[in-house]
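# Survey of secondary and tertiary structure
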Amino acid sequence: MHHNDLENIPAFLIAGLLFAWTQPPLWLAQWLLFGFVATRMAHFWAYFTAKPHEVRATFFSIGSLIVIGMAVYTFIYAIR
């Protein structure tokens, strides 16, 4: 579990910081930032309770898509 967090959380921290600097709408920031935290907690729960790989992969994928969404938003903001 720890190695998985080390792969995902640093990317989230960097993308989240850059995303916050773009001053996105509050609703979007809350949805993405809290959404990532919720998916990581759900991913932890899935690992802790030994759920099948498909369950863990679903939570991992949603969290990754959120980080990608923040990065894309930041990139679009930067090139405007």
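Residues numbered from 1 in each chain as written. Predicted model: local features only at pLDDT ≥ 70, side-chain atom pairs only at ≥ 80, totals over all residues. Heavy atoms only, no water.

The next subject is the nonpolar core. Of all hydrophobic cores here, the largest spans 10 residues; its members are F12, A15, F19, L28, A29, L32, F36, I66, V67 and M70. Those elements that provide at least two residues to this core are helix 1 (2–21), helix 2 (26–48) and helix 3 (53–79). Once you skip the residues sitting within four places of it in the chain, M70 turns out to touch F12, A15, G16, F19, L32 and L33. (Core = buried A, V, L, I, M, F, W, Y, C linked by side-chain atoms within 4.5 Å. Buried < 20%, exposed > 50% of the residue type's maximum accessible area, 1.4 Å probe, protein only. Helix = DSSP H or I, 4+ residues; strand = E, 2+ residues; numbered from the N terminus. Contact = heavy atoms within 4.5 Å.)

A separate point is the environment of W27. Tracing the backbone through its elements, the reader meets W27 in helix 2. A relative accessible area of 61% means that W27 is categorised as exposed. Residues W27 and R56, 29 residues apart in the sequence, show an inter-C-alpha distance of 27 Å.

Another point: helix 2. Residues three or four positions apart in an α-helix share a direction because the helix packs 3.6 residues into each turn. For helix 2, built from 23 residues, the straight-helix expectation of 33 Å at 1.5 Å per residue is met to within 8% by its first-to-last C-alpha distance of 32 Å. Within the span of helix 2, buried status applies to L28, A29, L32, G35, F36, T39, R40, A42, H43 and A46. The first or second residue beyond helix 2 is A50, which carries a positive phi of 55°. (Expected span 1.5 Å × (residues − 1).)

Looking now at a nonpolar patch on the surface. Among the surface-exposed residues, L65, I68, V72, F75, I76 and I79 lie close enough to one another that they form a single nonpolar patch of about 620 Å² accessible area. With respect to the helices, strands and loops of the structure, F75 is situated in helix 3. (Patch = residues over 30% accessible without salt bridge, like charges linked within 9 Å, V, L, I, M, F, W, Y side chains within 5 Å. Areas by Shrake-Rupley, 256 points an atom, 1.4 Å probe, with all protein chains shown as cover. Salt bridge = Lys/Arg side-chain N within 4 Å of Asp/Glu carboxyl O.)

Turning our eyes to something else, we now look at the packing of helix 2 against helix 3. The interhelical angle for the contact between helix 2 and helix 3, taken along N-to-C directions, is 155°, at an axis separation of 8 Å. Our classification of the angle between helix 2 and helix 3 gives roughly antiparallel. Crossing hand, helix 2 versus helix 3: left-handed. In this structure, helix 2 contributes L28, L32, L33, G35, F36, T39, R40, A42, H43, W45, A46 and Y47 to the contact, and helix 3 contributes V55, R56, F59, F60, I62, G63, I66, V67, M70 and Y73. Across the contact of helix 2 with helix 3, the residue classes break down as 16 nonpolar, 4 polar and 2 charged. (Axes fitted to C-alpha atoms, helices over the stretch in contact; angles between N-to-C directions. Parallel < 35°, antiparallel > 145°, perpendicular 65-115°, else oblique. Left-handed = near helix turned anticlockwise from the far one by under 90°. Nonpolar A, V, L, I, M, F, W, Y, C, P; charged D, E, K, R; others polar.)

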